[in-house]
Amino acid sequence: MAGDGLSHQDLPPAPYAKPSPKLTRHLAGALAARGADARQGSGWTTSVVYREAAPEVARYGALGP
């Protein structure tokens, strides 16, 4: 999810900040070659969870993995 941190300055406004498909494929291949159990999906981070409003945390949590 785009929303906090540098994403506002580095990327155009959007609900998600998506990684490079080429980089994602490269990393997935490198991890698989080493037998790593890697998964791809969405993630949400926060700088300080207790500063986030409870409704916002619930909204992002409801989006699932």
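Residues numbered from 1 in each chain as written. Predicted model: local features only at pLDDT ≥ 70, side-chain atom pairs only at ≥ 80, totals over all residues. Heavy atoms only, no water.

Looking only at helices and strands, the chain has three helices and zero strands in total. Sorting the 65 residues of the chain into buried and exposed places 8% on the buried side. About 5,600 Å² of surface is accessible on the chain, with carbon and sulfur atoms providing 59% of the total. (Helix = DSSP H or I, 4+ residues; strand = E, 2+ residues; numbered from the N terminus. Buried < 20%, exposed > 50% of the residue type's maximum accessible area, 1.4 Å probe, protein only. Areas by Shrake-Rupley, 256 points an atom, 1.4 Å probe, with all protein chains shown as cover.)

Moving on, we come to the pattern of salt bridges. Under the defined criterion, the tally for this structure stands at one salt bridge. Residues Asp37 and Arg39 are paired through a salt bridge, measuring 4.0 Å at the closest nitrogen-oxygen approach. Looking at Asp37, the relative accessible area reads 67%, which means it is exposed. Of the residues examined, Arg39 reaches a relative accessible area of 74% and is grouped as exposed. (Salt bridge = Lys/Arg side-chain N within 4 Å of Asp/Glu carboxyl O.)

In an α-helix, one turn spans 3.6 residues, which is why side chains three or four residues apart end up on the same side. For helix H2 (residues 21-33), which comprises 13 residues, the first-to-last C-alpha distance of 18 Å matches the rise-based estimate of 18 Å (1.5 Å per residue) to within 8%. Phi for Gly35, located one or two positions after H2, is positive at around 75°. (Expected span 1.5 Å × (residues − 1).)

Side chains of Leu23, Leu27 and Leu31 sit close together on the surface and give an oily, nonpolar patch of about 260 Å² of accessible area. Tracing the backbone through its elements, the reader meets Leu31 in helix H2. (Patch = residues over 30% accessible without salt bridge, like charges linked within 9 Å, V, L, I, M, F, W, Y side chains within 5 Å.)

Here we come to the confidence of the model for the chain. A residue-level look at the chain finds 72% of positions with pLDDT of 70 or above and a mean pLDDT of 78. Per-element confidence in the chain is highest for H2, whose mean pLDDT is 95, and lowest for helix H1 (residues 7-10), whose mean pLDDT is 65. (pLDDT = per-residue confidence, 0-100.)

The next point concerns the environment of Leu27. With respect to the helices and strands, the residue Leu27 is situated in helix H2. Spatially, the C-alpha atoms of Leu27 and Ala38 are 9.5 Å apart, while their sequence positions differ by eleven residues.

Next up on the list: the environment of Val57. Structurally, the position occupied by Val57 is in helix H3 (residues 54-62). Judged by its relative accessible area of 28%, Val57 falls in the partly exposed class. Separated by 13 residues in sequence, Val57 and Trp44 place their C-alpha atoms 9.5 Å apart.

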